[in-house]
2 protein chains.
Amino acid sequence: MGQLSSAVCQRSVMFPAIEHPLSPALTRGCPDTSTADVAYPAEVGYDYAAVPRELFAPAPAAGLDRWAPLLPPLAAPGLGEGGTPLLEIADGLLVKDESRNPTWSHKDRLNRCTTSAAVAEGAPGIVVASSGNHGASAAAYAARAGLPCVVLASAGAPPAVASFLAAYGATVLAVPEEARWPLMRRIVDELGLHPVSNLTEQHTGHAWGPEGYKTIAYEIFAERGGVPAAVFVPTGYGELLFGVWKGFQELHDLGLADRVPRMFACEPAAGGPLSRALAKGVPAVRVDVGPTAAYAIDSAVSGYRGVAAITRSGGAALLVSDEEMAAAQRELAGAGLWQELSGAAGLAGFRQLRDVEGPVVCIATSSGFKDLGVGATPPEPVEPTWEAVEARLRAAGF
Amino acid sequence: MGQLSSAVCQRSVMFPAIEHPLSPALTRGCPDTSTADVAYPAEVGYDYAAVPRELFAPAPAAGLDRWAPLLPPLAAPGLGEGGTPLLEIADGLLVKDESRNPTWSHKDRLNRCTTSAAVAEGAPGIVVASSGNHGASAAAYAARAGLPCVVLASAGAPPAVASFLAAYGATVLAVPEEARWPLMRRIVDELGLHPVSNLTEQHTGHAWGPEGYKTIAYEIFAERGGVPAAVFVPTGYGELLFGVWKGFQELHDLGLADRVPRMFACEPAAGGPLSRALAKGVPAVRVDVGPTAAYAIDSAVSGYRGVAAITRSGGAALLVSDEEMAAAQRELAGAGLWQELSGAAGLAGFRQLRDVEGPVVCIATSSGFKDLGVGATPPEPVEPTWEAVEARLRAAGF
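Report on the accompanying structure. Predicted model only: the values in this text are computed from it and were never measured.

**Structural notes on the nonpolar core**
Thought 1: Among the nonpolar cores identified, the biggest contains 109 residues, and F232(A), Y168(B) and F232(B) are the most heavily contacted of them.
Thought 2: The contacts of Y168(B), once residues within four sequence positions are left out, are A333(A), G336(A), L337(A), W338(A), T103(B), W104(B), A136(B), A139(B), A140(B) and A143(B).
Thought 3: Listed in part, the 48 residues of the second largest apolar core include V13(A), L241(B), A309(B) and V361(B).

As structure tokens, then:
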């Protein structure tokens, strides 16, 4: 990195003829042109003749639109979802940062597709049952498409997530968890709103939804020129897991990739319906869910999509504890990525398994702003004297 | 949109030979294979022979790395900053959504460059004074580069932003606003930490910082094949304003663009040092700042960079009230973009000016999660009966 830079100097912004060496960076303005009264800033100067003109050549369509041939018709306008970075945080360990989507989670890829179905079918609006990311994402895509949206929210979401759900102008109704699906079915049947989350007792979900998640596989393949050995996925209902697997399977079937990665579902240990379904050899089960702060993936019910992704890829379902997710969350933040607890479940699963041959991709699904407990610990004030500040910094190892 | 899709049908995930028409979307699973016990999901099927193989051809480097020839040497590792979407929310009105950066604000473009200077110079760490976005972004880039980071935070940041500042492992010290710069200079002088925010009484800032913001201009030009007539920029110290202007000026000087957009600084009416400096014809002033919720841009002091961008582009500095920013924030959310209040200042300025010929770009700088008041209004619970829910939905216009 850096060897391609055409930067050659630093200049005064006021008097560009006054040049300084490129380094060290001028952090107090231009030393020659600043006066006692005015601190004039400096900027970087370049050898413009050395800049390759093809730098500004058109790039492929951005985000999901790039993959339109392999998606359902995208009748709903987009918000620039997809095209998220793949970051190597350790040797052979890659993280796909899905907090970089329009509503800062992977759900935007799904909702572009589900809202497209609603638009294509002329639905008068959409309805979604969600504790957070899915609902806010659906509300954003409905707003973008000019469709009304109803969100049946769980009462237990963090306060910031309640603001998030309400931000896009949807009608948000807080109801007890067990009432959400019966009410949603009724809203669909009586008002004709298009459902963009699950309607059935077991999880089936929207047929077009996981298609959006396939694009994660396409992006990884296009960026790396190959596929990883394994992918670790935070797993609630298994839709993301299935979609990513399907994308890799398609790349294999198209003759582009020589293998399909092993898919690892990473469920909160407090629940884990997919793990249970696989152990019992059944398509789906319902489990009791104990206490967990991973509220975005604490599903009580699984669906056949998860079973298909795991069994067809030779993968496995892993149960990760809140402590393991918290450790993974710290590891990600230490690499510059602040994820919500659920979003770190993929890395938690990888760290639990240890002996997986790489390269490995962990999907990180969502921003740390959405966690329970955010805002609970204000920074400790320090006396604003150099002595007090120096003591604190020395204690911190500076 | 949508005409390129190769989707042809829906299939049972369990029994792929069972096909259904592509539309309407199956939202209750496959009707043929589901049984009384198991709801089997459906998925979308494609005519894979029709998919163009060049779909997976390599794209240019993503984000800031694409523009390395026109940036200072990028010695610090990136987090995939840049490459944000440009969304048309009304005819000729485009929004550049900078909430899509690694720490969900434009500041990441700057901190990739400033941290690169710290790495190149072998600094033992970095220090930043910030009420929010700048500090968290610096902490993330320091973490990614393996450098310790000190954040001198204002005590008045929202609680969620305090969690954000602390998330990346920096040493966060909350001190009164007026103590931040003297302490910062002392930390630089005594501990040798590299400063990535301003050090001087008037604003000069880091010479390498605004270079990162130039990439916003490059991205707009590369995506549109031309430049807009005007750009509206939320403005605190004027670094973003200057950087975006410089990028467009370079495109003009390189012979690629035929004009430079008029740059409009959008400052909170509660302060507005750049407006004052321009009115007085001086490089920089200090003003008193009244109450405003736009805490991310409520600067008391301006710098010559802002004056240069406005005067050299034939633009102007606008003062926008909190009410105007709140209206712009609602307009953006209604298009699917939830911004913090400060982040909507660009659109607020455009709406104030009215008669600007397009196309126009408003820079939207940061996620709504960072606002004051987020989490203050939980959704009103509704009785979980169909009668109660129906009444609420009818009242909402459904």
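Still more to cover.
**Examining the relation of the copies chain B and chain A**
Thought 1: Relative to chain A, chain B is turned by 180° and slid 0.0 Å along the rotation axis, the superposed coordinates differing by an RMSD of 0.0 Å. Such a turn and shift between the copies fits a two-fold axis. The rotation axis passes nearest to the C-alpha of R100(B) in chain B, at a distance of 2.6 Å.
Thought 2: A symmetric contact is evident, with 100% of the interface residues of chain B recurring at the interface of chain A.

**Quick look at the interface of chain B and chain A**
Thought 1: Each partner contributes residues to the interface: chain B has 148 residues there, and chain A has 148 residues.
Thought 2: Where chain B abuts chain A, roughly 12300 Å² becomes buried across the two surfaces, and 67% of that area is made up of carbon and sulfur atoms.
Thought 3: Put simply, chain B and chain A have four salt bridges between them.
Thought 4: Among the ionic pairs, E43(B) bridges to K246(A), the shortest N-O distance being 2.7 Å.
Thought 5: Put simply, chain B and chain A have 53 residue pairs in polar contact (both at pLDDT 80 or more) between them.
Thought 6: In terms of residue count, the dominant contributor to the side of chain B that touches chain A is helix 4 (residues 180–191) of chain B (seven residues).
Thought 7: Tallied by class, the residues present in the side of chain B that touches chain A amount to 94 nonpolar, 29 polar and 25 charged.

**Overview of helix 2 (residues 133–145) of chain A**
Side chains that are three or four residues apart share a direction in an α-helix, a result of its 3.6 residues per turn.
Thought 1: Taking 1.5 Å as the rise per residue, helix 2 of chain A with 13 residues should run 18 Å; its terminal C-alpha atoms sit 18 Å apart, in good agreement.
Thought 2: Judged by how many residues are buried, helix 2 of chain A sits mostly within the fold: twelve of 13 residues are covered.
Thought 3: Of the residues making up helix 2 of chain A, those classed as buried are N133(A), H134(A), G135(A), A136(A), S137(A), A138(A), A139(A), A140(A), Y141(A), A142(A), A143(A) and R144(A).
Thought 4: Where the residues of helix 2 of chain A are buried, they touch helix 1 (107–120), strand 6 (126–130), strand 7 (149–154) and helix 3 (159–167) of chain A together with strand 4 (86–90) and helix 9 (322–334) of chain B.
Thought 5: Once helix 2 of chain A finishes, G146(A) follows within two positions and takes phi at roughly 75°, a positive value.

**A closer look at the sheet that holds strand 6 of chain A**
Residues and elements named next belong to chain A.
Thought 1: An order of 8-7-6-9 is seen for the four strands of this open sheet, with the pairing classed as parallel. Taken across any chain shown, the strands that pair with only one partner, and hence form the sheet edges, are strand 8 (171–175) and strand 9 (194–195).
Thought 2: As defined by bridge partners, strand 6 adjoins strand 7 across five bridges and the pair is classed as parallel. Its bridge partner lying in strand 7, A129 is registered against L152.

Procedures and definitions
- Residues numbered from 1 in each chain as written.
- Chains lettered and ligands numbered in written order.
- Predicted model: local features only at pLDDT ≥ 70, side-chain atom pairs only at ≥ 80, totals over all residues.
- Heavy atoms only, no water.
- Core = buried A, V, L, I, M, F, W, Y, C linked by side-chain atoms within 4.5 Å.
- Buried < 20%, exposed > 50% of the residue type's maximum accessible area, 1.4 Å probe, protein only.
- Contact = heavy atoms within 4.5 Å.
- Least-squares fit on C-alpha atoms with pLDDT ≥ 70 in both.
- Buried area = accessible area lost by both parts, 1.4 Å probe.
- Salt bridge = Lys/Arg side-chain N within 4 Å of Asp/Glu carboxyl O.
- Polar contact = N/O pair within 3.5 Å; in protein donor to acceptor, adjacent residues only side chain to side chain.
- Helix = DSSP H or I, 4+ residues; strand = E, 2+ residues; numbered from the N terminus.
- Nonpolar A, V, L, I, M, F, W, Y, C, P; charged D, E, K, R; others polar.
- Expected span 1.5 Å × (residues − 1).
- Pairing = 2+ DSSP bridges.

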